[in-house]
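# Residue-level structure breakdown
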Amino acid sequence: KQTDNQLVIDAGQKQFGATTCSSCGMLYSIDSPEDNFQHTQFHQRFLDTIKFVGWKKERIVAEFWDGKIILVLPDDPKYAIKKAEDVRRIADSELGFQQVTLSSPSSAKTYLFINSDRMVVGCLVAENIRQASIRIKWRFLLVSCQAFRVLEQTENPKDMNKEDFMEHHRAWCCSTVPEKAICGVSRIWVFSLMRRKSIATRLLDTVRTTFMYGCHLTKEETAFSDPTPEGKLFATKYCGT
Ligand code: ACO
Ligand code: ZN
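A brief look at the structure comes next. Just so you know, these numbers come straight off a predicted model, no measurement behind them.

## A look at the overall build of the protein
Counting its secondary structure elements, the protein contains seven helices and ten strands. Looking at the protein as a whole, 44% of its 241 residues are labelled buried. When contacts within the protein are restricted to residue pairs at least 6 apart in sequence, long-range pairs at least 24 apart make up 62% of them.

Next comes the structure, spelled out in structure tokens:
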């Protein structure tokens, strides 16, 4: 046991034997039997989670030569909700989100990209930010074609006095595109081995045509919350084209 611990510590310090699995994304030390065991378990769970056996009723919103996009809504059967939640949890852990709660679960729409090998390789959670509370609106980084604008909010609106609240509200209204932003993308994730194949692009294109019935949202009417560096690179490219 003593030696095992020693090995792990050494691996951490020298980055010796530390590796990141390219499919499940777990960082572990190949030299540690304990780590290897944990990785094997996590890896299997990961594969089970992204496996898609197919449902009797699937809401297919787009089809491509290499896959399809299905939409899961809050009132869907349990098995669909569970799959959407499990995949979202994978995305959350990769994004470093601790909490698995959504800003407004009752309006959240989950889009899953299923590839031809029956795996969920992409996930996008979209929420209606017009319906969301002011507090949640601040969290969204609005992406316009020209600029990023972060609306930060540190306090809880309940603790704000009226002036503060109005000030914040004005800030929201005066930013470049707030009036238009109605669809908030709170998470977007693509399986690491399937990136740069336009999966995120196709998910977002599909959201824009299906998020509001009978409406085609413009790029300015969609906003991203808390983007990661990769998310920003993607959003910048997406909004610029
Ligand atoms: N570096 C540089 N440019 C990028 C990158 C990147 N890592 N990813 C996308 N782009 C740009 C490129 O210009 C790309 O076009 P190209 O491949 O022709 O050059 C364009 O965006 C379109 O990319 P897609 O192939 O559609 O994007 P992909 O399917 O690879 O998914 C995503 C992008 C979702 C960011 C993916 O890398 C991912 O899941 N990352 C980990 C999770 C994450 O960070 N998600 C974003 C969090 S923000 C949020 O959830 C609101
Ligand atoms: Zn793995």
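From this point, things continue past the structure.
## Notes on the site of ligand 1
Surveying the vicinity of ligand 1 reveals 22 residues, the closest of which are Ile188, Val190, Arg196, Thr201 and Thr228. Within the backbone of Arg196, one N or O atom sits 2.7 Å away from an oxygen atom of ligand 1. Within the contact set of ligand 1, an oxygen atom lies 3.5 Å away from a backbone nitrogen or oxygen of Ile199. In isolation ligand 1 exposes 970 Å². Once the protein is present, 83% of that is buried. Sorting the residues of the shell around ligand 1 by element identifies strand S9 (183–190), helix H6 (199–210) and helix H7 (229–240) as the ones contributing at least two each. Considering every element that reaches the shell around ligand 1, the biggest residue donor is S9, with six residues. Class assignment for the residues of the shell around ligand 1 results in ten nonpolar, six polar and six charged.

## Examining the coordination of the zinc ion (ligand 2)
Within the protein, the zinc ion (ligand 2) binds to Cys21 (SG), Cys24 (SG), His39 (NE2) and His43 (ND1); these donor distances fall in the range 1.9 to 2.3 Å. Read N to C, the donor residues that coordinate the zinc ion (ligand 2) are spaced as C-x2-C-x14-H-x3-H. Here His39 lies in helix H2 (residues 33–50) and Cys21 lies in the loop between strand S1 (18–20) and strand S2 (27–29), a separation of 18 residues in the sequence. The residues Cys21 and His39 share a single accessibility class, namely buried.

## Some thoughts on unusual backbone geometry
The phi torsion at Arg118 lies on the positive side, around 60°, for a residue other than glycine. Turning to its location among the elements, Arg118 is positioned in the loop between strand S5 (109–115) and strand S6 (120–128). Phi at Arg196 takes a positive value of approximately 60°, unusual for a residue other than glycine. Counting through the fold element by element, Arg196 comes out in the loop between S9 and H6. Residue classification places Arg196 among the exposed positions, given a relative accessible area of 85%.

Here is what the cut-offs are and how they apply
- In this convention, every chain numbers its residues from 1, walking through the sequence in written order.
- To read the labels, note that chains go from A and ligands from 1, taken in the order they are written.
- Restriction of local features to residues with pLDDT of at least 70 applies here, the model being predicted, together with a cutoff of 80 or more for giving and counting side-chain atom pairs; totals for whole chains, interfaces and linings are based on all residues.
- By convention in this description, side-chain values take in all heavy atoms of the structure and omit both hydrogens and water.
- The way it works is that DSSP assigns letters per residue, a run of H or I at least four long becomes a helix, a run of E at least two long becomes a strand, and they are numbered from the N terminus.
- Per-residue accessibility, obtained with a 1.4 Å probe over protein chains only, is compared with the maximum for each type, and a residue is labelled buried under 20%, exposed over 50%, and partly exposed between these values.
- Whether two residues are in contact is decided by their heavy atoms: any pair within 4.5 Å suffices.
- What makes a residue near a molecule or strand is one non-hydrogen atom of that residue sitting within 4 Å of it.
- Counted as a polar contact is a pair of N or O atoms within 3.5 Å, where, for protein atoms, one must be capable of donating a hydrogen and the other of accepting one, and residues adjacent in sequence contribute only when both atoms are in side chains.
- Per-residue and other accessible areas were derived by the Shrake-Rupley procedure at a 1.4 Å probe size, with only the shown protein chains allowed to occlude residues.
- When residues are grouped by polarity, Ala, Val, Leu, Ile, Met, Phe, Trp, Tyr, Cys and Pro land in nonpolar, Asp, Glu, Lys and Arg in charged, and all others, Gly among them, in polar.
- The donor definition counts N, O and S atoms within 2.8 Å of each metal and applies 3.2 Å to Na, K and Ca; water is not among these atoms, so some sites may look incomplete.

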